[in-house]
Amino acid sequence: PQEVERKILEISDVKAVVVYGKIIDGVEQIAADIVLYDGIRDANIQHDIRMRIAKVLSGYMIPTYITFVEELQRNGSGKVLRPAKKMRSHNDTM
């Protein structure tokens, strides 16, 4: 996940990111929670991020799920918390 995070952070619109595994229908997928800089509201930003990192990372490293958040969750000492892997089915809301 750290290599993927580094590449996503190289994109100028991205302020912060956490990459983690998410289990969907028993298969681990790569997910990313991304914080954008204020004012970034491009409707195509998710596609643009995938396309940019696809140029420098192997296909299996591209996050399947990208969620934009206002801020990343942190513990009391300020360290970013990675979401827990959860079993979900495609019928669940993502």
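The sections below set out a description of the structure shown in this document. Only a predicted model underlies this, so the values are computations on that prediction, with no experimental measurement involved.

**Structural notes on helix 2 (residues 45-54)**
Working step 1: Restricting attention to buried positions, one finds in helix 2 the residues Ile 45, Ile 49 and Ile 53. Projected down its long axis, helix 2 carries its buried residues within an arc of 65°, all on one side.
Working step 2: Buried positions along helix 2 lie against helix 1 (2-9), strand 1 (14-24), strand 2 (27-36) and strand 3 (65-68).

**Re the environment of Asp 33**
Working step 1: Here Asp 33 lies in strand 2.
Working step 2: Residue classification places Asp 33 among the buried residues on the basis of a relative accessible area of 13%.
Working step 3: Residues Asp 33 and Arg 82 lie 49 residues apart in sequence; the distance between their C-alpha atoms is 9.3 Å.
Working step 4: Beyond its immediate stretch of four places on either side in the chain, Asp 33 contacts Ala 16, Val 17, Val 18, Tyr 20, Thr 67, Val 69, Leu 72 and Pro 83.
Working step 5: Within the structure, the side chain of Asp 33 is placed 3.0 Å from the side chain of Tyr 20, a separation counted as a polar contact.

**Brief notes about the pattern of salt bridges**
When charged atoms on two side chains of opposite charge get close, those side chains can pair.
Working step 1: In this structure the tally under the stated criterion is two salt bridges.
Working step 2: A salt bridge links Glu 5 to Arg 82; its shortest N-O distance comes to 2.6 Å. Of this pair, Glu 5 sits in helix 1 while Arg 82 sits in the loop between strand 3 and strand 4 (87-88), placing them 77 residues apart in sequence.
Working step 3: Relative accessible area serves as the criterion here: at 11%, Glu 5 is assigned to the buried category.
Working step 4: Of the charged contacts in the structure, one is a salt bridge between Glu 10 and Lys 7, with a shortest N-O distance of 3.7 Å.
Working step 5: The exposed category is assigned to Glu 10, whose relative accessible area is 58%.

**Side note on the nonpolar core**
Working step 1: Grouped together as the largest cluster of nonpolar side chains are 16 residues, with contacts concentrated most on Ile 8, Val 14, Val 17, Ile 34 and Ile 49.
Working step 2: Counting residues per element, the ones that place at least two in this core are helix 1, strand 1, strand 2 and helix 2.
Working step 3: If sequence neighbours within four positions are ignored, Ile 49 has contacts with Ile 11, Val 14, Ile 34, Ile 66 and Phe 68.
Working step 4: Membership of the second largest hydrophobic core comes to eight residues, among which are Ala 16, Val 18, Tyr 20 and Ile 24.

**Things to note about the packing of aromatic side chains**
Working step 1: Applying the stated criterion across every chain yields a total of zero aromatic pairs.
Working step 2: The lysine or arginine in question, Lys 22, covers the ring of Tyr 65, its NZ or CZ lying 5.3 Å from the ring centre.

Parameters and conventions
- Residues numbered from 1 in each chain as written.
- Predicted model: local features only at pLDDT ≥ 70, side-chain atom pairs only at ≥ 80, totals over all residues.
- Heavy atoms only, no water.
- Buried < 20%, exposed > 50% of the residue type's maximum accessible area, 1.4 Å probe, protein only.
- Helix = DSSP H or I, 4+ residues; strand = E, 2+ residues; numbered from the N terminus.
- Arc of directions from axis to C-beta.
- Contact = heavy atoms within 4.5 Å.
- Polar contact = N/O pair within 3.5 Å; in protein donor to acceptor, adjacent residues only side chain to side chain.
- Salt bridge = Lys/Arg side-chain N within 4 Å of Asp/Glu carboxyl O.
- Core = buried A, V, L, I, M, F, W, Y, C linked by side-chain atoms within 4.5 Å.
- Phe/Tyr/Trp six-rings, centres within 6.5 Å; stacked < 30°, edge-to-face > 60°.
- Lys NZ or Arg CZ within 6 Å of the ring centre and 35° of its normal.

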